[in-house]
Every structure is written in C-alpha cells, then in structure tokens.
Amino acid sequence: MKLQKIVIASVGVIILRLLLILPSILVGRIIDHINHAGDFSYSLNLLFVGIVCVSLLAFVLSPVQTKILNIYVQKIIYSLSLGAIANIFKKQYSFFQSTNIGSLLRKVERGVLAYEKLWLYILVVGIPNVVELMIISSYLAFISGSLMVLFLIVSSLMSCWVIYKTIVLRRRHIDELNQVEDYQFDALAETFIAGRTIKYLDSWSYTSQKLADTLNDYKIKAINLSFWSEIMRSTQVFLTTLVTVLTLGFGIFLFTKGYLNLSVGDLVVVFSFSGLFMTRLITLTETYKEFDQFKHDKKELDKLLLLPDFRSMDMHTSNLDPLPILKIRPFTFKINEYLTLENSEQITINHGIKVAIVGETGNGKSFFSTILSGMTISSNTILLNDIDISKLSQAQLSKVFSYSFQFPDFLSGNFERAVLLDIPFFDKERCEKALNSLKLSANIQINQSIDTKSLSGGEKKRLDILRSLIIDKPIVILDEPTSSVDFDSSRVIWDFIFENTQGKTLICVTHDETRLDWFDLVLEIDNGVIKRKESSLNSM
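Here's what I pulled together on the structure shown here. (Residues numbered from 1 in each chain as written. Predicted model: local features only at pLDDT ≥ 70, side-chain atom pairs only at ≥ 80, totals over all residues. Heavy atoms only, no water.)

**Considering the overall build of the protein**
Point 1. Within the protein, the secondary structure is distributed over 15 helices and 12 strands.
Point 2. Counting all 540 residues of the protein, 45% fall into the buried class.
Point 3. Look at the contacts in the protein between residues 6 or more apart in sequence, and 75% of them connect residues 24 or more apart. (Helix = DSSP H or I, 4+ residues; strand = E, 2+ residues; numbered from the N terminus. Buried < 20%, exposed > 50% of the residue type's maximum accessible area, 1.4 Å probe, protein only. Contact = heavy atoms within 4.5 Å.)

**Considerations on the pairing of strand β11 (residues 521–526)**
Point 1. As judged from the five bridges shared by strand β5 (residues 354–359) and β11, these two strands associate in the parallel manner. Note that in β11 the partner of Ala 356 across the bridge is Val 522.
Point 2. From the end of β11 to the start of strand β12 (residues 529–533), which pair antiparallel, there are two residues, and Asn 527 there has a positive phi angle of about 55 degrees. (Pairing = 2+ DSSP bridges.)

**Focus: the sheet that holds strand β6 (residues 382–384)**
Pairing between the strands of a sheet comes from backbone hydrogen bonds, and it takes one of two forms, parallel or antiparallel.
Point 1. Strand order across the open sheet formed by four strands is β4-β1-β6-β7, with antiparallel pairing between neighbours. On the outer flanks of this sheet lie β4 (347–349) and β7 (387–388), each paired with one strand and no other.
Point 2. Sheet topology places strand β1 (residues 326–328) next to β6; three bridges connect them, and they run antiparallel. Bridge pairing links Lys 327 to Leu 383 in β6.

**Some points on the nonpolar core**
Point 1. Ranked by internal contacts, the top residues of the largest apolar core, which has 35 residues, are Phe 415, Leu 463 and Phe 519.
Point 2. No other element matches the six residues that helix α14 (residues 487–499) contributes to this core. (Core = buried A, V, L, I, M, F, W, Y, C linked by side-chain atoms within 4.5 Å.)

**Side note on the packing of aromatic side chains**
Point 1. Tallied over the full model, the rule gives 10 aromatic pairs.
Point 2. Taking 5.2 Å as the distance between ring centres and 50 degrees as the angle between the ring planes, the aromatic pair formed by Phe 333 and Phe 367 counts as tilted. Remark: Phe 367 occurs in helix α9 (residues 365–373) and Phe 333 occurs in strand β2 (residues 331–334); sequence separation between them is 34 residues.
Point 3. On the basis of relative accessibility, which here comes to 24%, the residue Phe 367 falls in the partly exposed class.
Point 4. Note on Phe 498 and Trp 518: the rings are 5.0 Å apart at their centroids and 70 degrees apart in plane angle, and the pair reads as edge-to-face. Of the two residues, Phe 498 is situated in helix α14 and Trp 518 in the loop between β10 (505–509) and β11; the sequence distance between them amounts to 20 residues.
Point 5. Ring-pair connections join several aromatic residues into one group, and the members of that group are Trp 494, Phe 498, Trp 518 and Phe 519. (Phe/Tyr/Trp six-rings, centres within 6.5 Å; stacked < 30°, edge-to-face > 60°.)

**Digging into the pattern of salt bridges**
It is possible for side chains bearing opposite charge to pair when their charged atoms get close.
Point 1. Applying the stated criterion across every chain yields a total of 13 salt bridges.
Point 2. Two residues, Arg 280 and Glu 132, come together in a salt bridge whose shortest N-O distance is 2.9 Å. Within this pair, whereas Arg 280 is found in helix α8 (residues 264–305), its partner Glu 132 is found in helix α4 (residues 101–144), the two being separated by 148 residues in sequence.
Point 3. Overall, the relative accessible area of 18% leaves Arg 280 in the buried class. (Salt bridge = Lys/Arg side-chain N within 4 Å of Asp/Glu carboxyl O.)

**A look at the sheet that holds strand β9 (residues 475–479)**
Point 1. The strand order across the open sheet formed by eight strands is β2-β3-β12-β11-β5-β10-β9-β8, and the pairing between neighbours is mixed. On the outer flanks of this sheet lie β2 and β8 (401–404), each paired with one strand and no other. Neighbour-to-neighbour, the strand axes of this sheet turn through a mean angle of 20 degrees, independent of strand direction.
Point 2. Where β2 lies against strand β3 (residues 340–343), four bridges are found, and the strand directions are antiparallel. From the neighbouring strand, Phe 331 faces β3, where its bridge partner is Asn 343. (Axes fitted to C-alpha atoms, helices over the stretch in contact; angles between N-to-C directions.)

**Let's talk about helix α12 (residues 428–437)**
Count 3.6 residues to each turn of an α-helix, and residues three or four apart come out pointing the same way.
Point 1. Cys 431, Ala 434 and Leu 435 are the residues of α12 that are buried. In an axial view of α12, the angular spread of the buried residues amounts to 100 degrees, which keeps them on one side of the axis. Away from its buried face by more than 90 degrees, α12 exposes Glu 429 and Lys 433.
Point 2. The secondary structure elements touched by the buried residues of α12 are α11 (415–418), α13 (457–470) and α14.
Point 3. Of the residues one or two after α12, Lys 439 is the one with positive phi, at around 60 degrees. (Arc of directions from axis to C-beta.)

**Regarding the packing of α13 against α14**
Point 1. One way to put it is that α13 packs onto α14 with a least axis distance of 11 Å and a crossing angle of 5 degrees. With respect to each other, α13 and α14 are oriented roughly parallel. On the side of α13, the interface is formed by Arg 462, Ile 465, Leu 466 and Leu 469, while α14 contributes Ile 493, Phe 496 and Ile 497.
Point 2. Tallied by class, residues from the contact of α13 with α14 come to six nonpolar, no polar and one charged. (Parallel < 35°, antiparallel > 145°, perpendicular 65-115°, else oblique. Nonpolar A, V, L, I, M, F, W, Y, C, P; charged D, E, K, R; others polar.)

What follows is the structure in structure tokens.
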C-alpha cells in the first residue's frame, strides 16, 4: 500500500513538472509557426489554447499535490512532536525546576519546525525540482545537443558554489539571532509572571530595562540577518540572469558557427529553459540552507533530549506491597554551597504512621521531602521495603507515593482536566464530597470549567491536597499543606487530611505546630541536621 502511494506520488510529480515546462515549449512552437507561416492559422490557435489548458491544469493540480504531500509530512511531524515532548517529560525533576520556560518553548518549537521545514522542502521543493531539472536537461540535449547542456550545468554549478559561500556567511547571523531570541523569550516570560507585582510597585520603567536590552539586541541581530539574507537573494538573482544570458550567448555563438541547427523558437526555448534550469538549481541550493538550519535547530533540541532521564525502566521486584515501610538511612547531601542535609541514624517509618517535618525556613525541609519521595535522586538513602527507591522507575514510585507541592500546578478545563490532570480515575460523588469538606464547592463545580488562575493561594492549596488524597496512594507527602490559609481554613484542611489518610502513611512538611500532637513522629531539621523530636502522641 505504501509502495503504491509512493508510485502514485512520483507519477504525479513528473506529470506536474511536465505541465509546468510545457508552456515554454509551446511558446517556441508558436514563434516558429509565425516565423514560417506568417499568419495566425488554425494550428496556431490550437497552440494558444494548449498553453491555456496546460497552465490551467497545473493551476488545479499543484495545490492538490502540495496538500497530499503536506498530509504525509504533518503525520510525521505529529509523531515527532509528541515524541519530543514525551521525552522531555522523562527528564529528571530538577530539569523542570531550573529550566527557563521561554527558551525551552523556543528550542522545542524550532526543533520540531526544523523537521517540518526539511521534510516539506524535500517533498514539495527538492524532489519536484530534481525531476524538472532532469526533464529540462533531457529536452535541451534533444534540441541543442550535449555541449549546450554541459555548458549550462558547469556554469550553474559554479554559481551554486558562490551561493553556498553566502549561505555559510549568513549562518553566523542566524545563530546570533536565535540566541538573542531565547534570551528575549525568557525575559518576556519572567516579566509577565511578575506582572502584578511590577504593576503594583509601578516599577515598569526600571524592571523593563532588561527586556528593552534584549529587544534592542534582537533588533540589531535581525537587521544584520536581513542584510545578509538580501545579499544571498541578490546573488541568486544576479547569477540566474548571468547564467541565462551566457547560455543564450553560447547557444547563439554555436548557431552562427553552424554547430547547432536551431529554429528561432528553439532559441527562445533554450533561453527560457536556461533560466528555469538555473532557477531550479538555485532553489536546490536552498536544500543546503534548510539542512544547515535543520542541523542547528535539531542540535539544540537534542541537547534537551539528551539530558539525563528520570528512571523509565521498571526495576524487577515483587516487594512493592500495598503496606510499604520506609527506612531513612544515615546520609549527607549537599543542597548548595551554604546548606548540607545530614542524617546520622536510621529512621524507620512503618506503614500507617503520621510524620511531621518541622524546622526554620531555609533549613531544607522541602528538599528532604523530595528525597523521601524519590524525586531527588540520592542513592541508598531511602529504602522502600528494603529497596533503594533511587532504582525505582517513575511508574513504580507513582504507585506508592502521592505528593502535594508547596506551590501547586493546574491545567485549564473542567475538574477532571484542570485538577485531576485527566488521570483515568474519576469518582464524581467522592470528589463532590471532598470539595464540600474543604469548603470549595461554592466556587468550583465538577462539571464546569475552572479558572484556576483566579483562585486564591489557599484555594489552590486545598485543591492540590484534594488531588493528592483523592487519588489513593499508600504514602502521602504534603509540603506545607496549611500555607497561604487562615486559621479556620487550616482547621478544615487538617481535619480533611487526617480523615482521608487513615490506613495510609502521612508525611507533612509544616510550620503549623497546632496539630503536631496528632503525629506519631516529628523530625526537626536544624541547620540541615535531621533530628527526632517526640510528639505528644508519641510521648503518651
């Protein structure tokens, strides 16, 4: 079936290219007819009608062919785009914390578009032009001999070498513009993210300076690139004219010396085909330009795709039972040059117990929770049923852990999409009950679209806790569950958490000490050092 489609497409390309060059041949025949007959006879009228019909047929077939080829290309791009984005989501968690979103989007976009441009160029421009060059060369050889064709090919190839040099010179300016464009998108992204604060503090005239600098750099690089692009285009136009005139002159020279037996119409065809040949060949030199651009953009995308993946292969184990036990081994982990996280004793967290992690801000509590959940890789530090969790895949970790981030993320759409992220779980009755328990049902309806951007920090936090608990996992880790909420909301949240973690292991990073006596174990982090701190419940 694929071979049949390729054959049909190839035949279509040949037919269309024949239709595109036929008018030039017919014009030559018309000139010969006038030159010999001296009148507009019936056959001459037929030639005129033929030109119109051929042009009309090409007019109809060209967009159809382009659409068919585009369908094929877009299927390839669809697969490549999904694959590239899926591969990016396999990266380690640190990638998503440190990446500038503006430049990331531009690199992915340019990388995917590079494939699209290259494939479209090969199928829509490259292959058809090669076919047309073969047809033109064959016809020129037929009417004027191989010497004319050889002269045309040699002069055209010399011209292509000059054009190649202009493309190489232009390359540096494209790289510079792409780099500035990445900086510009990063500056735009961070400026809009901080937009409310900038507006309220009326600091635009100061804050916008970095953005203005990147825009100015972009302006300069864009001007330079447009200058070199015009040099390349002007070179192409000049060389096309030069080769066409030289070929015609060479043909006339051979004709006057008696080496060629050409009619006036044939000379017109030679002139026309020489221009077409050079134009098509120069168009093919764009292949190098497109491929060069493709290599560069693909290289930038590959840099992202070649970054270390989070573990994707499942570890062969049958020891991930539904009643997991965590063990925190003695370890030292340098978070940054100012803070090192240390644990000097083995701490066992049996299934079902409640653990609070407390300490002053900046002591590494949230970072410690990412080690506990397996998001931050620390070999042989956390054992899950005596298995090093740094060896477990994302899929295996997701079966055991549920994690609520301090600053939660949501999508747009209805509840199932925006909050549950389209995970194939949706117990409508249970979700509605949870919304009521967390005092969210007044603003959020299950079946309606949710504008998560308009929600308060406390509402977002409660939604994230709902998500973490409604999708049942045996170990739940919550990072600052009562941050950004008032006392009454805090009481509602704690009640909901403990009500919905019965029979589960709960680990909470918190500054809220009002419920510490509800926890079985309290771990305090002081200057990076993890210490046991007995809770009232444990004391009793």
